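Here is what each chain is made of, one letter per residue.
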Amino acid sequence: MSNERTPLLTSGVCGLSFGAPVCGTDSDVTPETASGTPNKDPRSLNTFFGVMVPTVLSMFSIVLFLRSGFVVGHAGLLQGLLMVVVAYIIISLTILSICAISTNGAIQGGGAYYMISRSLGPEFGGSIGLMFFLAKVFACGEYVLGLVEAILDIFGSEPESAGGVRGLPQGYWYTVLYSSVILLLCLLVCLVGAHIYCRTAFVILLVVTVVLLSVFISPLAVKPANFVITHRGPDNQTLRFNASYTGFSAETLRNNLRSEYSLDYSTNSVMTFATVFAIMFTSCTGIMAGANMSGELKTPSISIPKGTITAVIYTFTVYVLLFILVSATCDRALLIQDYGFLQRINIWSPFVTIGIYCAALSAAMCSMIGASRILHALAVDELFGLPLAPAAMKSSSGNPWMAVLYTWLLAQCVVFAGQLNAIASLVTVFYLLAYAAVDLACLALEWASAPNFRPTFQFFSWHTCLLGLLSCLVMMFVINPVYSSGSIVLLLLLLLFLHYRAPTSSWGYVSQALIFHQVRKYLLMLDVRKDHVKFWRPQVLLMVANPRSSCQLILFVNQLKKGGLFVLGHVQLGDLDALPADPVQQQYNFWLSLVDKLGVKAFVDLTLSSSVRQGTQHLLRITGLGGMKPNTLILGFYDSCTPEDFFLEDSAFCDSSLGYGSEGEYNFGVDLPSLQAHFPPVRHVESQRWLSPEEYVGIISDAIKMDKNVCLGRYFFQLEGEGKDSKVDGSERTIDVWPLNLLQPGCHDYEDVGSLFLLQMACVLNMSSRWRHARMRIFLNVESESNDQSWVVNEETFRELLRKLRIRAAIKIVPWDTVVRHHTRPEGEKSPEAARALSEDFLTAVNMLLSEHSSQAAVRFLYLPRPPAHHSLAQQYLAQLDALTNGLGPTLLIHGVTPVTCTDL
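What counts, and at which threshold
Residues numbered from 1 in each chain as written. Predicted model: local features only at pLDDT ≥ 70, side-chain atom pairs only at ≥ 80, totals over all residues. Heavy atoms only, no water. Helix = DSSP H or I, 4+ residues; strand = E, 2+ residues; numbered from the N terminus. Buried < 20%, exposed > 50% of the residue type's maximum accessible area, 1.4 Å probe, protein only. Contact = heavy atoms within 4.5 Å. Areas by Shrake-Rupley, 256 points an atom, 1.4 Å probe, with all protein chains shown as cover. Expected span 1.5 Å × (residues − 1). Axes fitted to C-alpha atoms, helices over the stretch in contact; angles between N-to-C directions. Parallel < 35°, antiparallel > 145°, perpendicular 65-115°, else oblique. Lys, Arg positive; Asp, Glu negative; His and termini not counted. Salt bridge = Lys/Arg side-chain N within 4 Å of Asp/Glu carboxyl O. Polar contact = N/O pair within 3.5 Å; in protein donor to acceptor, adjacent residues only side chain to side chain. Disulfide = S-S within 2.5 Å. Pairing = 2+ DSSP bridges. Core = buried A, V, L, I, M, F, W, Y, C linked by side-chain atoms within 4.5 Å. Phe/Tyr/Trp six-rings, centres within 6.5 Å; stacked < 30°, edge-to-face > 60°. Lys NZ or Arg CZ within 6 Å of the ring centre and 35° of its normal. Patch = residues over 30% accessible without salt bridge, like charges linked within 9 Å, V, L, I, M, F, W, Y side chains within 5 Å. Left-handed = near helix turned anticlockwise from the far one by under 90°. Nonpolar A, V, L, I, M, F, W, Y, C, P; charged D, E, K, R; others polar. pLDDT = per-residue confidence, 0-100.

1. Details of the overall build of the protein chain
Part 1: Counting secondary structure elements, the protein chain contains 29 helices and 16 strands.
Part 2: Counting across all 905 residues of the protein chain, residues that qualify as buried make up 55%.
Part 3: Intrachain contacts of the protein chain at a sequence separation of at least 6 include 80% that bridge at least 24 residues.
Part 4: As displayed, the protein chain offers around 38300 Å² of accessible surface, 61% of which is attributable to carbon and sulfur atoms.

2. Brief notes about helix α14 (residues 401–414)
Part 1: With 14 residues, α14 extends 20 Å between its outermost C-alpha atoms, agreeing within 8% with the 20 Å of an ideal straight helix rising 1.5 Å per residue.
Part 2: Looking at α14, one finds that the buried residues are M402, A403, V404, T407, A411, Q412 and V414.

3. Let's talk about the packing of helix α16 (residues 462–479) against helix α17 (residues 481–501)
Part 1: Where α16 meets α17, the axes come as close as 5 Å, and the angle between the chain directions of the two elements is 130 degrees. Looking at the two axes, α16 sits oblique to α17. Residues M476, F477 and I479 of α16 pack against P481, S484, S485, S487 and I488 of α17.

4. A closer look at unusual backbone geometry
Part 1: Even without being glycine, D707 reaches a positive phi, approximately 65 degrees.
Part 2: For Y715, which is not glycine, the phi torsion reads 65 degrees and is therefore positive.

5. Considerations on the side chain of E695
Part 1: Mapped onto the elements, E695 comes out in helix α24 (residues 693–705).
Part 2: Of the side chains with opposite charge, R613 comes closest to the buried, unpaired E695, at an N-O distance of 6.7 Å.
Part 3: There is a polar contact of 3.1 Å between the side chain of E695 and the backbone nitrogen of V612.
Part 4: A polar side-chain atom of E695 sits 2.9 Å from the main-chain amide nitrogen of R613.
Part 5: Non-local contacts of E695, meaning those with residues more than four positions away in its chain, are made with S611, V612, R613 and W690.

6. Focus: the state of the cysteines
Part 1: In total, this model carries zero disulfides according to the counting rule given.
Part 2: In this structure C140 is not part of a disulfide, and its nearest cysteine sulfur, from C186, lies 5.7 Å away.
Part 3: A relative accessible area of 0% places C140 in the buried class.

7. Looking at the sheet that holds strand β11 (residues 709–714)
Part 1: Read from one edge of the open sheet, 10 strands run β9-β8-β7-β10-β11-β16-β15-β12-β13-β14, paired in mixed fashion. Strands with a single pairing partner mark the edges of an open sheet, and in this sheet they are β9 (603–609) and β14 (810–815). Going from strand to strand, the sheet's axes swing by 25 degrees on average, the running direction of each strand aside.
Part 2: In terms of strand pairing, strand β8 (residues 566–573) meets β9 through seven bridges, oriented parallel. When the bridges of β9 are listed, H570 appears paired with L606.

8. So, the nonpolar core
Part 1: Ranked by internal contacts, the top residues of the largest apolar core, which has 161 residues, are L64, F65, I91, V208, F281, I287 and L334.
Part 2: At 21 residues, the largest contribution of residues to this core is made by helix α15 (residues 420–448).
Part 3: With sequence-adjacent residues up to four places away left out, L64 is seen in contact with V208, L212, V318, Y319, L322 and L342.
Part 4: Formed by 62 residues, the second largest nonpolar core is a distinct cluster that contains F590, L758, M776 and F861.

9. Some details on the packing of aromatic side chains
Part 1: Applying the stated rule across the entire model yields 29 aromatic pairs.
Part 2: Ring centres of W348 and F351 lie 5.3 Å apart, and the angle between their planes is 85 degrees; this geometry places the pair in the edge-to-face category.
Part 3: Owing to a relative accessible area of 47%, W348 belongs among the partly exposed residues under this scheme.
Part 4: The class of F351 is partly exposed, set by a relative accessible area of 26%.
Part 5: Three or more aromatic residues joined by ring pairs form one cluster here, namely F60, Y314, Y319 and F323.
Part 6: Here the basic side chain of R67 rests over the ring of F70, its NZ or CZ set 5.9 Å away from the ring centre.

10. Looking at the environment of R689
Part 1: Along the chain, R689 turns up in the loop between α23 (672–678) and α24.
Part 2: Residue classification places R689 among the partly exposed positions, given a relative accessible area of 31%.
Part 3: Linking R689 and S640, residues 49 residues apart in sequence, is a C-alpha distance of 9.8 Å.

11. Considerations on the environment of D650
Part 1: The topology assignment puts D650 in the loop between β10 (632–636) and α22 (651–654).
Part 2: Given a relative accessible area of 24%, D650 falls into the partly exposed group.
Part 3: Considering only alpha carbons, one finds D650 and L598, 52 residues apart in sequence, at a separation of 9.8 Å.

12. Here's the deal with a nonpolar patch on the surface
Part 1: Taken together, the side chains of L213, I217, I347, W348 and I354 present a nonpolar region at the surface, about 490 Å² in accessible area.
Part 2: Relative to the assigned elements, I354 resides in helix α13 (residues 349–381).

13. Points about the packing of helix α6 (residues 172–192) against α13
Part 1: Contact geometry for α6 and α13: axes closest at 10 Å, N-to-C directions at 55 degrees. Considering their axes alone, α6 and α13 lie oblique with respect to each other. Handedness of the crossing formed by α6 with α13: right-handed. Where α6 approaches α13, its residues I182, L183, L185, C186, L187, V189 and C190 are matched on the opposing element by L361, A364, M365, M368 and I369.
Part 2: When grouped by side-chain class, the residues that make up the contact of α6 with α13 number 12 nonpolar, no polar and no charged.

14. Topic: the confidence of the model for the protein chain
Part 1: On average, the protein chain scores 82 in pLDDT, and the residues at 70 or more come to 85%.
Part 2: In the model of the protein chain, strand β1 (residues 15–17) stands out as the element of lowest mean pLDDT, 33, in contrast to strand β7 (residues 540–543), which has the highest, 96.
Part 3: Here residues 656–666 is modelled with pLDDT under 50, and outside its nearest four sequence neighbours on either side it reaches 22 contacts, counting other chains as well.

15. Observations concerning the pairing of strand β13 (residues 775–782)
Part 1: For β13, the buried fraction is high: seven of the eight residues fall into the buried class.
Part 2: Pairing analysis gives four bridges linking strand β12 (residues 734–738) to β13, with the strands arranged parallel. For T734, the partnering residue across the bridge sits in β13 and is R775.

16. A closer look at the pattern of salt bridges
Part 1: Inspection of the entire model under this criterion finds nine salt bridges.
Part 2: Taken together, the shared-partner salt bridges in this structure form one network comprising D639, R714 and D882.

17. With respect to the side chain of T94
Part 1: For T94, the position within the fold is in helix α3 (residues 68–102).
Part 2: Only 3.1 Å separates the side chain of T94 from the side chain of D439, close enough to count as a polar contact.

Structure, rendered in structure tokens:
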């Protein structure tokens with residue numbers, strides 16, 4: 001799906017597809033096939049032949065001649081007209097949405113599916129498209145069954161048939177046989193192509209119009225008559241009903257005003273408002289017959305609105321007049337007990353017979369063609385993979401013959417239902433769900449307020465979209481709650497399936513526009529002045545030089561963020577004045593693909609700067625919006641060890657089979673080889689470093705001056721089990737916390753901001769998914785041999801503090817008298833600058849102490865001393881940190897400046 005199927009406009013300007021400008025060629029409209037053979041342009045139908053004719057015939061279908069009396073007989077004229085009005089209000093609201101979407105850009109083949117998928121994205125569009133395809137298939141089967149019913153009514157061998165030449169044997173399997181023959185005829189016509197059907201459909205429409213005129217003229221010419229209607233009842237009993245045709249009669253009209261729901265002779269079930277409405281609504285399900293021909297229309301954005309609206313007005317007028325006519329001329333027994341009663345009362349009975357056959361056959365072929373176009377569009381978009389792949393095949397004239405075969409095969413399965421009324425509810429529910437999706441698509445586009453959503457059809461608003469959506473959903477459950485619930489469950493399963501397949505497209509996602517619209521409003525509501533320590537969470541900016549050597553740290557920080565903001569920052573060295581274009585803009589897709597591969601919930605922010613320090617300052621100041629800004633800076637450790645290349649170790653980066661092909665499909669143009677090549681190899685020990693010690697320490701100082709917490713991560717390349725497929729729950733892990741400043745032995749303040757911040761970060765890690773079962777240990781360093789025994793009181797105070805902070809951890813008392821002896825700071829000197837000169841013996845002793853007590857820990861949290869104010873001490877500061885953490889394993893040095901703990905509710 002790397003190629004967008006939204007075509008260029010004929011002027012050569014990029015077409016607008018539902019709010020998103022799309023430039024590209026279309027596989028369906030290209031003048032040449034893949035082999036270079038010129039194709040005949042499939043877009044040759046105008047408004048009348050391509051939209052109005054198929055829409056009118058689909059809406060007339062079998063209801064016009066075979067179920068008009070059925071509706072009026074059971075529901076009465078008043079409820080019958082109410083059904084017509086309600087049905088047409090629902091479809092009119094949906095038509096407004098169809099017209100709005102279809103006039104917002106170039107429309108390609110696939111009709112309703114194309115509109116929904118390009119508006120709501122591949123998951124929702126694909127699932128609704130498949131549901132709409134099934135609705136068309138069921139409708140095709142329904143129309144064929146209706147046609148067989150009409151044929152048997154004339155030519156059936158049963159004695160209760162209404163006159164005619166009775167020669168065809170009847171029964172369930174004979175019905176299936178006749179239906180199969182008719183379906184085969186429809187298949188042959190559809191294999192020839194939609195153009196043949198559309199031209200012959202005009203002739204069929206003329207025939208149906210002549211028949212309709214004969215129906216309306218007949219009451220003026222046909223005299224009243226009485227009929228005896230027979231049906232086969234239970235135990236092969238013959239049931240007889242006396243029925244009358246009265247001609248125009250006020251008494252007949254009065255008798256037919258109110259409802260009188262009774263037994264349906266074809267299904268032997270009692271009718272209700274819902275079941276009758278379901279059958280009547282099938283006459284309204286043809287409103288998208290023209291939209292489904294969008295691939296064959298010359299100007300679909302003009303033809304679809306004009307042709308559909310005209311067809312709906314015409315059919316509505318016909319149905320209202322026909323309902324009034326039959327209720328004023330036929331008694332209820334005739335209407336209920338004989339579907340084909342119009343043949344009895346016509347000036348020439350074969351007129352109606354021909355009309356029924358033509359309308360039903362035309363509706364069946366129209367449904368088969370429409371369904372095949374939807375299926376072909378689904379196959380071309382490759383949403384459902386291999387099962388539908390053959391349906392993408394087309395003939396040299398552009399006819400999707402394989403999709404037609406798929407449709408015919410499924411429709412053949414539908415006719416095994418045997419009765420038209422048995423599947424009418426299911427067809428109606430499927431159609432209503434598709435209409436609801438169209439209304440939802442238009443509603444989402446309107447609510448998203450995208451500047452490029454500016455349809456030329458203006459007679460709609462979000463109110464009409466919402467009302468249409470709710471009307472469709474309500475009527476679904478009124479008609480059949482079981483079918484409605486089942487169809488929604490099926491829709492959800494298809495959504496989950498497509499979401500699992502994760503198809504990526506260049507169509508544009510209305511969900512992104514809606515999210516942007518809402519996030520902007522919520523960001524404005526997120527007032528930094530209302531921040532409270534109770535709801536503090538880490539919002540991290542992790543500076544990454546080369547992700548090849550930093551992936552494990554990225555994965556670890558993803559666990560440490562606790563639902564907060566996580567931003568990967570990178571500084572590209574350079575001067576924009578000396579460059580023809582900004583090199584940073586082309587890098588974003590590679591970094592975003594890296595985020596996808598690692599499975600972390602992170603944003604990416606890149607900048608161009610003359611130095612890393614200056615670039616980091618930029619990112620600290622400008623990353624995020626409003627209350628969503630980083631409060632913590634995390635850096636990799638500055639040392640001389642040889643970095644590990646994570647890309648060579650993780651299967652996600654070295655297995656080319658996971659790259660989704662080499663043509664950029666599903667990955668926004670960044671395949672695995674491109675991702676590998678974009679990030680440079682890890683540096684060697686002898687390689688020149690981009691960052692000097694002074695600049696590195698300056699970055700730490702800058703962050704603290706900007707009131708940002710600072711963390712330094714070392715040896716995280718040794719940490720395992722952080723990948724997205726890892727099943728580690730932390731039960732075998734230990735988190736060790738050393739809350740005191742180990743480089744300043746005289747400090748015993750466990751409750752300063754830095755120590756409490758360090759405790760909070762360890763606690764946050766312990767709450768994450770892969771660390772929730774890890775054991776946390778807190779080490780308190782004491783001088784047990786000194787005369788000052790205040791450490792005992794401090795220990796109790798600290799335990800009480802942990803209890804108030806709800807931190808579950810084991811407290812370990814660590815005597816470090818032997819370590820303190822190596823400390824060279826003059827007695828009573830508390831100046832931080834004097835503390836810089838620490839002996840190697842002291843640093844080695846502290847490192848050995850940490851190794852002795854925390855050698856088995858998965859990660860260690862240590863107190864990071866404040867960096868020196870003068871840059872000349874930077875190397876000394878780094879040397880002390882290096883000696884302190886040498887050989888420890890994954891270690892996080894933390895300097896906190898933000899109050900983060902709270903003992904209150």
